[in-house]
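Architecture and fold: a report
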Amino acid sequence: CYGRNSSRCTRFDEHNCWDILRDSIPGDAINKALPGWCFLSRKHAQLILNIPSQLGGLNLWPAFERVWAPEEVYFPTALSLCGHMDDEVSRRALTH
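The structure reproduced in this document is the subject of the present report. (Residues numbered from 1 in each chain as written. Predicted model: local features only at pLDDT ≥ 70, side-chain atom pairs only at ≥ 80, totals over all residues. Heavy atoms only, no water.)

1. Points about the nonpolar core
Among soluble globular proteins, nonpolar side chains are generally buried collectively. Stated formally: To define a nonpolar core, start from buried Ala, Val, Leu, Ile, Met, Phe, Trp, Tyr and Cys residues and group those joined through side-chain atoms within 4.5 Å. Relative accessibility thresholds used throughout: buried, under 20% of the residue-type maximum; exposed, over 50%; partly exposed, between the two (1.4 Å probe, protein chains only). Each helix is a run of DSSP H or I of at least 4 residues and each strand a run of E of at least 2, with the numbering of both proceeding from the N terminus.
Counting residues in hydrophobic clusters, the biggest one holds 21 residues, and the most contacted among them are Leu21, Ile25, Leu60, Phe64, Val67 and Val73. Those elements that place two or more of their residues in this core are α1 (11-21), α2 (42-49) and α4 (70-81).

What follows is the structure in structure tokens.
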């Protein structure tokens with residue numbers, strides 16, 4: 001996963017991901033996972049499912065409707081909003 005200040009972040013990412021979400025989500029919470037696959041533990045999946053109740057019933061997903069490849073951005077950003085990007089996320093490739 002990477003954020004806007006990463007060397008992996010391209011102008012395309014900035015324009016089609018971060019710029020679209022900047023009015024809805026704090027910029028430092030926006031992250032992208034490439035190649036777009038994330039493995040979630042049960043704990044992390046439950047945290048993501050609980051986001052609407054934590055936001056007073058608001059659904060986070062509509063903010064991602066215009067984002068290019070929203071699944072690459074939604075899950076790492078949701079984990080970041082839950083406070084679990086830095087301490088519990090492994091940023092490595094996994095192949096089976």
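2. Structural notes on the state of the cysteines
We apply this condition: Count a disulfide wherever a pair of cysteine sulfur atoms falls within 2.5 Å.
Taken as a whole and judged by the stated rule, the model has 0 disulfides. With no disulfide partner, cysteine 17 has as its closest neighbouring cysteine sulfur the one in cysteine 9, 7.9 Å distant. Residue cysteine 17 is classed as buried on the basis of its relative accessible area, which comes to 0%.

3. Considering the environment of isoleucine 51
Formally: Any two residues having at least one pair of non-hydrogen atoms within 4.5 Å are treated as being in contact.
By the element assignment, isoleucine 51 lies in helix α3 (residues 51-54). Discounting residues that sit within four places of it in the chain, isoleucine 51 has contacts with Leu60, Ala78 and Cys82.

4. Here we look at the environment of leucine 49
Looking at the element boundaries, leucine 49 is found in helix α2. Assessed through its relative accessible area of 62%, leucine 49 is described here as exposed. Along the chain, leucine 49 and asparagine 59 lie 10 residues apart, while their C-alpha atoms are 10.0 Å from each other.

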